[in-house]
Amino acid sequence: MSKEIYETWLHHPNLDPSYKDVLANMSEQEINDAFYTTIAFGTAGMRGLLGPGTNRINLHTIRKANVGFAQYICAQGEDAKQRGIAIAYDNRHMSKEFALDSARLLATYGIRSYVFESLRPTPELSFAVRHFNCFGGIMMTASHNPKEYNGYKLYDEQGCQLVPALAKQVIDRVNAIEDELAIKVELTSEQEKLITMIGKEVDEAYYEKVLSIQLQPELDKKNLHIVFSPEHGTANIPVKELYTRAGYQFTAVEEQCSPDPDFSNTPTPNPEEKGAYEMAIQYAKRNQADIILVCDPDADRMGVGVLHNEDYQLLTGNQSGSILIEYIFSQLTKQGKMPEHPVMFNTVVTSDLGEKIAKKYGVETEKTLTGFKFIGEKVAQYEKTNEKQYVFGYEESYGSLIAPFVRDKDAPQACLMLAEAACYYKSQGKTLVDVLHELYAELGYYEESQTSLQLEGQAGAERIQEILTTLRNDVPSSIHGIDVVRFEDYKTCRIVENDKVSELTGFDKSDVLKFYLADGSWIAVRPSGTEPKCKFYYCICGDSLQDAREKTVAYQQAIKSMIE
């Protein structure tokens, strides 16, 4: 079947000419990988390798998605069409072209759009949806993925990524389109008028809101020095502008400030990987910087390095999240600004440490599935009822949201608040690592980590499902000799505990497995929604940090042996 679809693409009269030679020179394996399935929406929309094929991100698959989205908008009535869609894009190959083509296609359905004049961060796209009272939004980005990828995220009228119930309405319409190559984009002069270019006026409104999150803007900032890298992406201008206006001393990694789609001067644009910090650490050593802050290309994730004991220690997303929780909640309490019914959100694969810190300050924690859209959905829910008041949301994957005028992860907000925390604790003679160690001593020692098994193509996808099916159907009674005391399966919605099976409620179905261990640790497994990977999450507690680290290595080896 793959070969038949390939032949249709190769000889189709509407095929974009740029794909012709690529298709003609594909190997049998490449043909199968590009056409064996249709690219699907995952935890962060539609994301995949750039190139021709039904399982790739290209002009035709983007148009197919846009037709489904346009039909969904039209079904909501004329008001939805007039409110329109905000559209932004990052620095990746074809991002701008896809964004402009999206606006033009929507216009053929009579739908207005507000398109950023140049690249902008994902959180600013979320902000723009709310700023213009749009019906939704489109963001062209592959976030932290390698340069070969691009992607397409859809947002609702709250500026939140589409949750499954809404996404299904779009996907059903997309799947009903049989021939993406038949879709053409030809506008009348009247339809052209439905496209509005936007820029600085939105930037200014966004900057004003971000600057308003500061808890101690009067802090003396002259003794704190920051090294910052946007990793060739969209954080370059906004983070620099925010730091300048707030009065922080910073040095940018200039080689990584240009919007380069090939990420030429960084081994990886992913703050979860050490390679993203290599050049920033060199800068930091030359400038004796206190902290290093690195953003991913679409500026929704932030990674942190801290000068501690004369060396730079990289923090995980769980660790930086815990420090932000401690700083924000302690200051809200001290200043008498903690709301009456505060609530914090994180995910089922986020460390337990943050929840313990929240409890210390009387803040309730609610967990969601992986994907910030679920946190955004919760924010909207409580905004309507005011039953609880949002004070923080974060994921282990280096993303957080301080104030919910945005409904997605917001690295510029995180960069500003993390700098404030570093400045405050330095005035007390502490580094951010000192703060983390104090939290460990008070609440327990945790070592959080993540490993991934990357498996490409159709065979890889099948192997990932085989691993999950095996772990689901043959639940291990112990891991590394430690009893599994509770098992949660978010796909079959069941809990197994003390040989009893009960229903797991409160979550949409998702292919996630979580194993709780007798020593207070847990391990979770899920397929990536954006890359060909099976991900393993470890939250391991011990009697000391060294003990937790040693146990983590042992648990990782045990899992590796189980899936080989």
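A few points on the structure. (Residues numbered from 1 in each chain as written. Predicted model: local features only at pLDDT ≥ 70, side-chain atom pairs only at ≥ 80, totals over all residues. Heavy atoms only, no water.)

1. Some points on the side chain of aspartate 290
This is how it is decided: Numbered from the N terminus, helices here are DSSP runs of H or I no shorter than four residues, and strands are runs of E no shorter than two. For every residue, the accessible area (1.4 Å probe, protein chains only) is compared with the maximum for its type, and the residue is labelled buried under 20%, exposed over 50%, or partly exposed between those bounds. We call two residues contacting when some pair of their heavy atoms lies within 4.5 Å.
Inspection of the secondary structure assignment puts aspartate 290 in the loop between helix H12 (278-287) and strand E10 (291-295). You can call aspartate 290 buried: its relative accessible area is 15%. Among residues more than four places away in sequence, those in contact with aspartate 290 are Asn223, Leu224, His225, Gly305, Val306, Leu307 and Lys426.

2. Some words on the layout of surface pockets
This is how it is decided: A pocket here means an open set of points on a 1 Å grid, computed over the protein atoms alone, that has protein on both sides within 12 Å along at least five of seven lines. A cavity is instead a set of points where a 1.4 Å probe fits but cannot get out; residues with an atom within 4 Å of a point line either one. Grid points are joined across faces, edges and corners, and a volume is the space filled by probe spheres set on the points. When residues are grouped by polarity, Ala, Val, Leu, Ile, Met, Phe, Trp, Tyr, Cys and Pro land in nonpolar, Asp, Glu, Lys and Arg in charged, and all others, Gly among them, in polar.
Taken as a whole, the second largest pocket spans an internal volume of roughly 770 Å³. For the lining of the second largest pocket, the secondary structure elements donating two or more residues are strand E12 (311-315), helix H13 (317-334), strand E17 (445-454) and strand E24 (533-542). Here the element with the most residues in the lining of the second largest pocket is E17; it accounts for six residues. Class assignment of the residues belonging to the lining of the second largest pocket gives a composition of nine nonpolar, eleven polar and ten charged.

3. Things to note about the pattern of salt bridges
As a reminder of what qualifies: Throughout this description, the term salt bridge denotes a Lys or Arg side-chain nitrogen within 4 Å of a carboxyl oxygen of Asp or Glu.
Across all of its chains, the model carries 39 salt bridges by this definition. Between glutamate 117 and arginine 120 there is a salt bridge, with its nearest N and O atoms 3.6 Å apart. Glutamate 117 gets classed as partly exposed once you look at its relative accessible area, which sits at 42%. Arginine 245 is the partner of glutamate 204 in a salt bridge, and the nearest nitrogen-oxygen pair spans 2.8 Å. You can see glutamate 204 sitting in helix H10 (residues 200-211) and its partner arginine 245 sitting in helix H11 (residues 236-246), a full 41 residues away along the chain.

4. Remarks on the packing of aromatic side chains
Note the cut-off: Each Phe, Tyr or Trp ring (for Trp, its six-membered ring) is paired with any other whose centre lies within 6.5 Å, and the angle between the two planes then decides the class: stacked below 30 degrees, edge-to-face above 60, tilted in between. Only when the NZ atom of a Lys or the CZ atom of an Arg is both within 6 Å of the ring centre and within 35 degrees of the ring normal do we say a charge sits over the ring.
Here the structure, examined in full by the defined rule, presents 20 aromatic pairs. Look at tyrosine 424 and tyrosine 425: their rings are 5.1 Å apart centre to centre, the planes differ by 65°, and that puts the pair in the edge-to-face class. By relative accessible area, tyrosine 425 is classed as buried at 6%. Following the ring pairs from residue to residue traces out a cluster consisting of Phe127, Tyr206, Tyr207 and Phe405. Sitting above the plane of the tyrosine 516 ring, arginine 486 keeps its charged end 5.8 Å from the centroid. Taking NZ or CZ as reference, lysine 514 lies 4.2 Å from the ring centre of tryptophan 522, over its face.

5. Quick notes on empty space enclosed by the protein
Sizing a probe to match a water molecule and rolling it over the atoms shows the empty space that remains. On inspection of all chains with the given rule, the structure shows two cavities of 30 Å³ or more. When its volume is computed, the second largest cavity comes out at roughly 80 Å³. Around the second largest cavity, the lining comprises 14 residues; the ones closest to its centre are Met302, Ser320, Tyr398, Gly399 and Ser400. If you list the elements that add at least two residues to the lining of the second largest cavity, you get H13, strand E15 (389-395), strand E16 (399-401) and helix H16 (411-427). For the lining of the second largest cavity, the per-class residue count stands at six nonpolar, five polar and three charged.

6. Points about the packing of helix H1 (residues 2-11) against helix H3 (residues 28-35)
Put simply, the rule reads: All axes here are fitted lines through C-alpha atoms, helices being fitted over the stretch that makes contact, and every angle between N-to-C directions spans 0 to 180 degrees. Here the angle decides the label: under 35 degrees means roughly parallel, over 145 means roughly antiparallel, 65 to 115 means roughly perpendicular, and every other value means oblique.
For the pair H1 and H3, the least separation of the axes is 9 Å and the interaxial angle reads 90°. Here H3 runs roughly perpendicular to H1, going by the angle between their axes. The residues of H3 that touch H1, namely those facing Ser2, Lys3, Ile5, Tyr6 and Trp9, are Glu28, Ile31, Asn32 and Phe35. Split by residue class, the contact of H1 with H3 holds five nonpolar, two polar and two charged.

7. Structural notes on helix H14 (residues 353-360)
Because the α-helix completes a turn every 3.6 residues, residues three or four places apart line up on one side. Applied cut-off: The arc under discussion is defined with respect to the helix axis, by the directions toward the C-beta atoms.
Within H14, burial applies to Leu353, Gly354, Ile357 and Ala358. Here the buried residues of H14 occupy an arc of 140° about the axis, which is enough to place them on one side. On its buried face, H14 is in contact with H13, strand E13 (342-347), strand E14 (364-368), E15, helix H17 (432-443) and E17. Just beyond H14, the residue with positive phi is glycine 362, at close to 75°.

8. Re the sheet that holds E14
We apply this condition: By this definition, two strands are paired if DSSP reports at least two bridges between them.
Read from one edge to the other, the open sheet built from four strands follows the order E14-E13-E15-E16, with strand pairing classed as mixed. Only two strands of the sheet have a single neighbouring strand rather than two, namely E14 and E16. Across the sheet, the mean angle from the axis of one strand to that of its neighbour is 20°, orientation sign disregarded. As paired elements, E13 and E15 share four bridges and run parallel to each other. Note that in E15 the partner of methionine 344 across the bridge is phenylalanine 392. Across the sheet, H13 touches E13, E15 and E16, and the angle it forms with E15 is around 165°.

9. Considerations on the nonpolar core
The criterion, for reference: By nonpolar core is meant a set of buried Ala, Val, Leu, Ile, Met, Phe, Trp, Tyr and Cys residues that side-chain atoms within 4.5 Å join together.
Ranked by size, the top nonpolar core spans 101 residues in total, and within it Ile328 and Phe329 carry the most contacts. At twelve residues, the largest contribution of residues to this core is made by H16. Not counting residues within four places of it along the chain, the set of residues in contact with phenylalanine 329 comprises Met338, Met344, Ala358, Tyr361, Val363, Val391 and Phe392.

10. Quick look at the sheet that holds strand E11 (residues 302-308)
Taking strand neighbours across the sheet as the criterion, the five strands line up as E9-E8-E10-E11-E12 in an open arrangement whose pairing is mixed. The open sheet is flanked by strand E9 (249-252) and E12, the only strands paired with a single partner. Going across the sheet, the axis of each strand differs from the next one's by a mean of 25°, ignoring polarity. In the sheet, strand E8 (residues 225-229) pairs with E9 via four bridges, with the strands oriented parallel. Across the sheet, residue valine 227 finds its bridge partner in E9, namely threonine 251.

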